[in-house]
Amino acid sequence: MIIVTGGAGFIGANFVLDWLAQSEESVLTLDKLTYAGNLANLASLAGDTRHQFVQGDIQDRALLDVLLARHRPRAIVHFAAESHVDRSIHGPEAFLQTNILGTFHLLEAARAYHATLTGEARDAFRFLHVSTDEVYGSLDATAPAFTEHHPYEPNSPYSASKAASDHLVRAWHHTYGLPVLTTNCSNNYGPLQFPEKLIPLMIHNALAGLDLPVYGDGANVRDWLHVSDHCTAIRAVLAEGALGETYNIGGNAEMKNLDVVHTLCDLLDELRPRADQISYRTQIRFVTDRPGHDRRYAIDATHIARTLGWQPQHTFTSGLRQTVQWYLDHQAWVQEVTSGAYRQWTDMNYGGRVAGAMGTGAAGLPTPESGMATPGAPA
Ligand code: NAD
Ligand code: TYD
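About the cut-offs
Residues numbered from 1 in each chain as written. Chains lettered and ligands numbered in written order. Predicted model: local features only at pLDDT ≥ 70, side-chain atom pairs only at ≥ 80, totals over all residues. Heavy atoms only, no water. Phe/Tyr/Trp six-rings, centres within 6.5 Å; stacked < 30°, edge-to-face > 60°. Helix = DSSP H or I, 4+ residues; strand = E, 2+ residues; numbered from the N terminus. Buried < 20%, exposed > 50% of the residue type's maximum accessible area, 1.4 Å probe, protein only. Lys NZ or Arg CZ within 6 Å of the ring centre and 35° of its normal. Core = buried A, V, L, I, M, F, W, Y, C linked by side-chain atoms within 4.5 Å. Contact = heavy atoms within 4.5 Å. Near = heavy atom within 4 Å. Polar contact = N/O pair within 3.5 Å; in protein donor to acceptor, adjacent residues only side chain to side chain. Areas by Shrake-Rupley, 256 points an atom, 1.4 Å probe, with all protein chains shown as cover.

Chemist: Kindly report on the packing of aromatic side chains, identifying the contributing residues and their values.
Modeler: Inspection of the entire model under this criterion finds 17 aromatic pairs. Where tyrosine 113 meets phenylalanine 125, the ring centres are 5.4 Å apart and the plane angle is 75 degrees; that geometry is what we call edge-to-face. Linking tyrosine 113 in helix α4 (residues 93-116) with phenylalanine 125 in the loop between α5 (119-124) and β5 (126-132), this pair joins segments that are 12 residues apart in sequence. When its relative accessible area of 6% is taken as the criterion, tyrosine 113 is described as buried. Between the aromatic rings of tyrosine 327 and tryptophan 333, the centroid separation amounts to 6.2 Å while the plane-to-plane angle is 75 degrees, which identifies the pairing as edge-to-face. Under the relative-accessibility criterion, tyrosine 327 is labelled buried at 2%. A network of ring pairs unites the aromatic residues Tyr136, Phe146, Tyr152 and Tyr297 as a single cluster. Cation over ring: arginine 87 sits above tyrosine 35, and NZ or CZ is 3.6 Å from the ring centre. The ring centre of tyrosine 215 lies 4.0 Å from the NZ or CZ of arginine 353, which sits over that ring.

Chemist: Quick rundown of the nonpolar core? Include the residues and the values.
Modeler: Phe15, Val77, Ile199, Ile304 and Phe316 are the most contacted members of the largest nonpolar core, which has 72 residues in total. Look past the residues within four positions of isoleucine 199 in its chain and what remains in contact with it is Tyr189, Trp224, Val260, Leu264, Phe316, Leu320 and Thr323.

Chemist: I'd love a proper account of the site of ligand 2, names of residues and values included.
Modeler: Taken together, the neighbourhood of ligand 2 is formed by 19 residues, with Glu134, Pro213, Arg290, His293 and Tyr350 sitting nearest. Between ligand 2 and the protein, one listed contact pairs an oxygen atom with a side-chain N or O atom of asparagine 187 at 2.9 Å. Within the side chain of arginine 222, one N or O atom sits 2.8 Å away from an oxygen atom of ligand 2. Relative to its unbound accessible surface of 510 Å², ligand 2 loses 97% to contact with the protein. For the shell around ligand 2, the elements supplying multiple residues, two or more each, are α3 (85-90), α7 (198-207) and β8 (212-215).

Right, here's the structure in full:
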């Protein structure tokens, strides 16, 4: 069996569902169920004896030791993290606790467990650490994409905490011989993503008649990968990856944020037009930028393509259409996660942002006259 940390979150839940759809090998999901963890994401596994859920913190070393000794996994796939850059700016401590100290405790527990293994079980054991391209920092418009050899230059509390965790994983391999694998992936999108991240937030706000808050000039570039392609890549790395290696994973889909938002508006105009037939693009507002906002991320995924034969299956066009349709078909899920705590977050993150940072120019839209609307507040 395998243990998956953070398996009630966005990518972790997609991974667990995908894993059990493809394999008979059991999964134990360990998740603290923070605001981002949602057991409803795993509801379709109710009654499936191949899956067990344990609510717990990766900083709880005693719990980790018990779970490893009892279940004797052949792998740990480590997704659990605080994952949202804006939240890390408002409150970095939880990021240091979970992403750095949590990873440290998990590594230590894995090391102690690995020491008890012998023979084939020892050779087969893997610790796969799921990380992000944000550890490499920001690229200029024309700079080559990040390879695995790009220097680490994290700029946000989130990316700094993930960089620190990557370094710990590397060190536990070199110093203690723990059989680790690390993946650094670009921005994911797809079903089950919490509507605090760009794509689900824009879909949610558009349908709720709220402003679509584009930070700065909207020209920041991200590479986008459908979550199902990320899951396939992780399975490939777990199966065939070389010990101690790092694999960059990306979608060959660099997009400016404003272009992503325009595409989302156009898809919604087609699939769920507004009652007044006016485009959702009219809801776009340019707002005060994120502090330290990285300008561009881009991934060179040549290494994983050459060594493991992995390629993304979705294009951004096909993946985004499927994602928008998923959110339209799962509004009850969205309602559930956009509860009270989420409203407090949007008040805090967007309440203080000044709208109209870019005026009318880039989008050809009316200049907003008031501050950001927040869910639950009058527009
Ligand atoms: P998420 O925020 O949706 O989910 C994180 C999960 O971890 C939640 O279920 C949460 O309850 C759980 N968790 C948080 N703290 C915990 C703790 N102390 N102990 C146990 N569980 C805890 O995140 P996500 O977007 O699914 O990202 C998963 C991983 O992938 C993270 O490590 C993230 O850094 C990485 N990643 C994300 C992206 C992306 O675009 N979302 C891209 C590349 C890498
Ligand atoms: P996000 O989904 O938070 O991912 P990350 O910061 O990890 O890349 O943001 C993606 C991009 O979208 C990023 O450049 C910030 C921008 N953004 C907005 O313009 N408006 C928003 O409301 C959010 C949440 C993000």
